[in-house]
Amino acid sequence: MNAPVLSHSRCGDCPIRHRAVCARCNADELEELDAIKYYRTYEAGQPIIWSGDVMNFVGSVVSGIASLTQTMEDGRTQMVGLLLPSDFVGRPGREGAAYDVAATTDVVMCCFRKKPFEELMERTPHIAHRLLEMTLDELDAAREWMLVLGRKTAREKIASLLAIIARRDATLTPGGATNRMVFDLPLTREAMADYLGLTLETVSRQISALKRDGVIELEGKRHVTVPDMRRLMEEAGDDSDGGFLG
């Protein structure tokens, strides 16, 4: 595991500040968080935590994407979730990690020493309340994702994943969501195939079809433009007001 990265960034300047667990903290509380935090970076493919390991930190993804993976008794693995910027890693009050967490892309995490963070939660109810909100949002997203993996077609799965990433990206950029969205796809097609339970050939074919039909525009393999988010949501099988991560 990489050594902590020294940083002089303060919580008030953080790009995920308005969505993270500290979203409702006042200046004094941010000072307390500053005192117990450190930054850590992980290269794509590097493990962040193994299932069952004792976690001495909790934290938020600042940039990049990480995967949650569960290993079955026969050794097979299943990716069960993605952690996007502002998502929380670790569970206060729980000693061990429930899943393997690995960096899918290069990841920067803002980590808090676990014990001091738990003590701060006890003194600061709105931090605990914000974490509860985020946990419930995560539960809703997991339930929606069960629908994606279990009932949707390959085309709908690809459109759903693109919509999730586009809408989350919009929450972290000035101006927020619009009907025309532009973002860089942080996942390789191999990672998309693994997460969606599809073959690489199917992912490539469906992305090409969405491009051919004008649902998306591609510059290279990663720079995506969605001319009409309403149409992408329809392709995903969701209405424009619904979806996973609104």
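### A short note on the layout of surface pockets
Put simply, the largest pocket is a space of about 1000 Å³. Surrounding the largest pocket, 41 residues form its lining, Leu68, Leu82, Leu83, Asp87 and Glu138 being those nearest its centre. Those elements that provide at least two residues to the lining of the largest pocket are strand E5 (77-83), strand E6 (88-89), helix H3 (125-151) and helix H4 (154-171). The element contributing the most residues to the lining of the largest pocket is H3, with 12 residues. Considered class by class, the residues forming the lining of the largest pocket number 25 nonpolar, seven polar and nine charged. One number sums up the size of the second largest pocket: a volume of about 220 Å³. Considering the residues around the second largest pocket, the lining is formed by 13 residues, among which Gly45, Ser67, Thr69, Ala102 and Ala103 are closest to the centre.

### So, the nonpolar core
Counting residues in hydrophobic clusters, the biggest one holds 36 residues, and the most contacted among them are Ile158 and Leu161. For this core, the elements supplying multiple residues, two or more each, are E5, H3, H4, strand E9 (181-184), helix H5 (189-196), helix H6 (200-212), strand E11 (223-226) and helix H7 (229-235). Of the residues forming this core, the biggest block, nine residues, is contributed by H4. Residues in contact with Ile158, not counting those within four places in the same chain, are Met192, Leu196, Leu198, Val203, Gln206, Ile207 and Leu210. Ranked by size, the runner-up nonpolar core spans 22 residues in total, among them Cys22, Cys110, Met121 and Leu131.

The rules we used
Residues numbered from 1 in each chain as written. Predicted model: local features only at pLDDT ≥ 70, side-chain atom pairs only at ≥ 80, totals over all residues. Heavy atoms only, no water. 1 Å grid on protein atoms, 1.4 Å probe; cavity = no way out; pocket = protein on both sides within 12 Å on 5 of 7 lines; lining within 4 Å. Points joined across faces, edges and corners; volume = space filled by probe spheres on them. Helix = DSSP H or I, 4+ residues; strand = E, 2+ residues; numbered from the N terminus. Nonpolar A, V, L, I, M, F, W, Y, C, P; charged D, E, K, R; others polar. Core = buried A, V, L, I, M, F, W, Y, C linked by side-chain atoms within 4.5 Å. Buried < 20%, exposed > 50% of the residue type's maximum accessible area, 1.4 Å probe, protein only. Contact = heavy atoms within 4.5 Å.

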